[in-house]
Each structure stands twice: as C-alpha cells, then as structure tokens.
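Chain and residue survey
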Amino acid sequence: MIARLRRAYRGMRLGTRLALGLGALALVVFAVVGTALTTYMRDYLSAQLDTQLAQAQIAQSKSIADYGTLSGKKYYSWFYAVYDVSKGTPELRRPEDPADLPEDVDDFTALASAQTAAHQELLRTEHLKGAGTYRLRACEVEPGVVLVSAAPMEDIEDTVGQLITIQVVTFALALLALVVFGRRMLRRGLKPLSDMASTAHGIASHDLTESAARLPLRADGRDGGPEVDELRTAFNTMLEHIDDSLAVRAEAEQRLRRFVADASHELRTPLMSVRGYADLFQYAAANAPEERDRHLARLRAEAARMGILLDDLLLLARLDAAEVEAPLRCEDADLVDLVQQAADAFRASRTDHPLTVTTGPGAINVRLDPQRVRQVLDNLLANAAVHTPPGTPVSVDVTVASGTALVRIADAGPGIPPEDQERVFDRFYRVDKARSRDRGGSGLGLAVAQSLVRAHGGRIELNSEPGATVFTVRLPLDGAGLPAAPGPETTAV
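Everything in this summary refers to the structure shown in the same document. (Residues numbered from 1 in each chain as written. Predicted model: local features only at pLDDT ≥ 70, side-chain atom pairs only at ≥ 80, totals over all residues. Heavy atoms only, no water.)

With that settled, the discussion passes to the sheet that holds strand β9 (residues 394–401). Taking strand neighbours across the sheet as the criterion, the five strands line up as β7-β9-β10-β12-β11 in an open arrangement whose pairing is mixed. Two strands lie at the open edges of the sheet, namely β7 (355–358) and β11 (459–465), each paired on one side alone. The average undirected angle you get between the axes of adjacent strands in this sheet is 15°. Summarising the sheet, strand β10 (residues 404–411) and strand β12 (residues 468–476) pair through eight bridges and their orientation is antiparallel. Along β12, the bridge assignment pairs Leu 406 with Arg 474. Sheet contacts for helix α8 (residues 335–349): β7, β9 and β10; angle to β7, the most-contacted strand, approximately 170°. Running at roughly 20° to β10, helix α9 (residues 370–386) makes contact with β7, β9, β10 and β12 of the sheet. (Pairing = 2+ DSSP bridges. Helix = DSSP H or I, 4+ residues; strand = E, 2+ residues; numbered from the N terminus. Axes fitted to C-alpha atoms, helices over the stretch in contact; angles between N-to-C directions. Contact = heavy atoms within 4.5 Å.)

Here it is, written out as structure tokens:
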C-alpha cells in the first residue's frame, strides 16, 4: 500500500506535489494552533470556574458561620456538602435540601478528608455518578467544619467542543482552499517550466541528422520571476550554442564533401595522365624508341605534380591537427632576408612580371619557420603572376607597425570579383573556373598560405579592386598570436 502511494505521488505533476506539500504543512500548523487555542480556552474557563467557586464559598462560609445554613447562597445544578471534622473523621451533616448532594458522596468525603490533612483549600475534577464531570473545591468554614462545593463543567465542555468544531470546519475549508487555489497558482507559476519542457520535447522530435539542421524553437515569455527568467535565458543560450554547433557541423560536412570531391577530381587527372603516358611509353618502347624519353619526361612531370598536390594535402592535414603534431620548426630569422630570397626566385622564374621590393633600413627579426614562411611568400607571388597578364607589375613591401611585421604583396592586375573574395582561401577553389590546371594550379596555394600564417599566430588579409590586389601577411614579432580580426579576413576596398 505504501509503495503504491509512493508511486502515485511520484507520478504527480510538480505543481500538485507542491500543493500537497503545502497542504500537509498547513495541516500541521493548523493542528498545533488548534491544540494550543483549545488548551488555552479550556484552562481559561477552568480558572474562571475556580474563581467562581472560591467567591461562592466565601459567601457560603459566612452564611454557615453566622446562621448555620446555606439558604439563599446556592447556584443551580451545584452540589454542597458540609462536614464536621473535629473528631478527625469527616462526618456529613444532614443537608437542608436532598438535592444539594449527588447520589454518591464518596468523592466529597475524600476531598474533605484531604483538606483536613492539608489545612488548605483543595481543588479536584471528578466524574460524579449520575451527574457528570464536576469541579470540586474544599475549604474550611470554621475550625472543625469543612465545606465542599461542586460546580458542573458541562458548560466548559460544551464551549470547548463548539470551539473544536469551529476550528475543524474552518481549518478544513482553509486547507481545501489552500490546496485548490495554491495548486492553481503553482501551476501558473510553473507554466514557464512546462513551456520549456514542451520546447525540449519539440527539439527532441526535431531531426538533427539533416546537414542543415537548425533549431527553430525557443523558450519565450517573461513570467515566473527572476529564477525562471534566469533558467529561460540559460536554456535559450544552450539552444543557441547547440544551433551554432549544428551549423558548424553542417558547414564542416559540406566542406568535407566538397574537399573529397575536389581532391578526387584533382588526383584523378594526373593519375589518368600517368596511365596514358605509361601506355604511350610502353608502345614507344616497342615501336618508336625515339619517343620514349619524351613520354618518360611526361610521366615524371605528372608524378611530380601529383606529389606536390599530395604534399599540400598532407601539410593542410597536419596544420588542421596542430594540437597533436606541430608542423613548424620555429627559429629566429630575418624576414627581410626571406623576402629577398623569394623575390630573387620570382624574378628568375617569372621574367614577364616586373617585381619591386621595398624594405626598411635594417633587418626584421621574427621567430618563425623560415621554410614555411618562404612557402607562403612563394605561393602569394606565384598567385600574383598566374592570375595577371604578362607585364603586370608586382610589388612587395615589408614594414613593422605596432609590434607586428607586415608583408604586402600587391599587383596591378584585373582584381578579384567581390563574390569570389570570400572564398579565395578555400581549398581547391579557383576564381577562373576555365583556367587549366597546368596554368592555374590545384587551388591549394592560398589555403596552404593562410593555414601556415595562422599556425604562426598571424593572419592574411585581402583587399582587391580592379587594378589593385593586395595580400597583407601579419606576423607577430614576439612569437605570440595576434588577436582575431574583427571581421572576415577577406575584405574588398
């Protein structure tokens, strides 16, 4: 039975359980208050009756002492008994009226005997046979004479009974009202929690496996007080965090799909070329020996191109997992010297693009990986040469500002369209979709450059408009990371 009640209680809603708890607490309070009030009223009425008995016996004692009688000094339904105790044993005097004595006077006699021994007024509550409950008082009228008076307590019991009835009815109505209205108020106060629970159920039924899954539900309202509002704010913040995480996951999945598709496409082309030239080489070896060297050179070129692509992919993977495997070997190096080396290599291989280098009067020492920073410079310079017409001037400017080393690589080419500037650093992305891979590269150069600069704690910024495209590399001089850029790293002038 108790286990069943416990299961039923646990199955109740929180508002009902709180209302029942308040009802139980109120019941205890009502019981304590009712008991205290009833006890006080009973004691007060008993004290009043004792006072009335004492006052009545004073007048009766004087009448007995003066006239030897109680005539005219009696109360309705009271009992009186006069005892002679001069011989040590109480002897009952004959009453003036038989109605003055109850059917059984043993209690009167016992109280008179006790008063004789105590020599002071005594009070007792006794149940008299055939009469009910009475309050008895014994006092000495004169030496050797004791008066015992008995007053009925029926009125006190009736008054206390009525008080208990009123209390029970009043407290029961108050308890019922407390449970009913308290439950309504509690349900109203807990409604925001129910709304949040409904929101949570809605989210649980939402399909989060979709690639573009979002959480359109939020806990609304301003009711419930500061605590519920704080919970609502935390709940909505959690949903926003989940929403952002889902968006990041969806974007990562899209990027992964696009990356796998692009990588497969990029690797398939050189593999097909290798297979084709291998077949030609086999044919030439049997039928046209003079063609073997040319086909073998083609095989080597395609294998080298595929090797470069795989090296870039491997480097990007290592940079993505930099917390597990650091791909950088940093040391103190002169950034100006690295820029001069990259410029010399560019002039030697890109004779159709005039290059201007501007540096400060002295060296710029930065803690970095010289090989990887040189790779960044080579990629940016190659990007400027590949995507501009022959004869387009290219410039490199090296400066220091606010504890940051700046390398600006600019060209006077046609610029990058605004719709492409947001994605130029994406892997395998090409601004000119029609450009051949032999001329346009694999689309990993800028992605590798951005990842390497970020690994050094810096960032790359792009400003482009028709006739001027500037890539700015920012590297911290002290080796610490730069603060995050306030907006996207790619911005149009």
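Having seen the model, we can carry on.
Centre-to-centre distance and the angle between the planes together describe a pair of aromatic rings. As enumerated under the stated definition, the model contains six aromatic pairs in all. Their ring planes at 85° and their centres at 6.2 Å tell us that Phe 425 and Phe 471 sit as a pair that is edge-to-face. Placement of Phe 425 in the loop between α10 (418–421) and α11 (437–440) and of Phe 471 in strand β12 is noted, with a sequence separation of 46 residues between them. With respect to class, Phe 425 is no different from Phe 471; both count as buried. Grouped by ring-pair contacts, the aromatic residues Tyr 75, Trp 78 and Tyr 80 constitute a single cluster. (Phe/Tyr/Trp six-rings, centres within 6.5 Å; stacked < 30°, edge-to-face > 60°. Buried < 20%, exposed > 50% of the residue type's maximum accessible area, 1.4 Å probe, protein only.)

Our focus in this paragraph is unusual backbone geometry. For Ser 77, which is not a glycine, the phi torsion comes out positive at approximately 70°. With respect to the secondary-structure elements, Ser 77 resides in the loop between α2 (14–67) and β1 (79–84). Accessibility expressed as a relative area gives 32% for Ser 77, which makes it partly exposed. Backbone geometry places His 119, a non-glycine residue, at a positive phi of 55°. Looking at the element boundaries, His 119 is found in the loop between α3 (106–118) and β3 (122–128). Owing to a relative accessible area of 67%, His 119 belongs among the exposed residues under this scheme.

The subject of this paragraph is the pairing of strand β5 (residues 145–152). Of all the eight residues making up β5, seven are buried; the element is thus mostly covered by neighbouring parts of the structure. Where β1 and β5 come together, six bridges link them in antiparallel fashion. Bridge assignment links Tyr 80 to a residue of β5, and that residue is Ser 149. Here strand β4 (residues 132–142) runs beside β5; their pairing, made up of eight bridges, is antiparallel. Bridged to Ala 138 within β5 is Val 148.

Two strands in a sheet stick together by hydrogen bonds in their backbones, pointing the same way (parallel) or opposite ways (antiparallel). Spatial ordering of the open sheet is given by β2-β1-β5-β4-β3, a layout of five strands whose pairing is antiparallel. On the outer flanks of this sheet lie β2 (91–92) and β3, each paired with one strand and no other. Two elements, β1 and β2, share two bridges in a ladder whose sense is antiparallel. Of the residues in β2, the one forming a bridge with Tyr 83 is Leu 92.

This paragraph deals with α8. Between its first and last C-alpha atoms α8 spans 21 Å; for 15 residues at 1.5 Å apiece the expected length is 21 Å, and the two agree. By the burial criterion, the buried members of α8 are Leu 335, Val 336, Leu 338, Val 339, Ala 342, Ala 343 and Phe 346. Along the axis of α8, the buried residues cluster in a sector spanning 155°; they form a single face. Those residues of α8 that are buried lie in contact with β6 (331–334), β7, β8 (365–368), α9, β9 and β10. Of the residues flanking the start of α8, the one acting as N-cap is Asp 334, its side-chain oxygen 3.1 Å from the backbone nitrogen of Val 336. (Expected span 1.5 Å × (residues − 1). Arc of directions from axis to C-beta. Polar contact = N/O pair within 3.5 Å; in protein donor to acceptor, adjacent residues only side chain to side chain.)

Next up on the list: the packing of α8 against α9. As a packed pair, α8 and α9 sit with axes 10 Å apart at the nearest point and diverge in direction by 40°. Between α8 and α9, the crossing angle belongs to the class labelled oblique. In this structure, α8 meets α9 at a crossing whose hand is right-handed. Here Leu 335, Leu 338, Val 339, Gln 341, Ala 342, Ala 343, Ala 345 and Phe 346 of α8 lie close against α9, whose contacting residues are Pro 370, Val 373, Arg 374, Leu 377, Asp 378, Leu 381 and Ala 385. Here the residues of the contact of α8 with α9 are counted per class, giving twelve nonpolar, one polar and two charged. (Parallel < 35°, antiparallel > 145°, perpendicular 65-115°, else oblique. Left-handed = near helix turned anticlockwise from the far one by under 90°. Nonpolar A, V, L, I, M, F, W, Y, C, P; charged D, E, K, R; others polar.)

As far as function goes, none of this settles anything; it's purely spatial.
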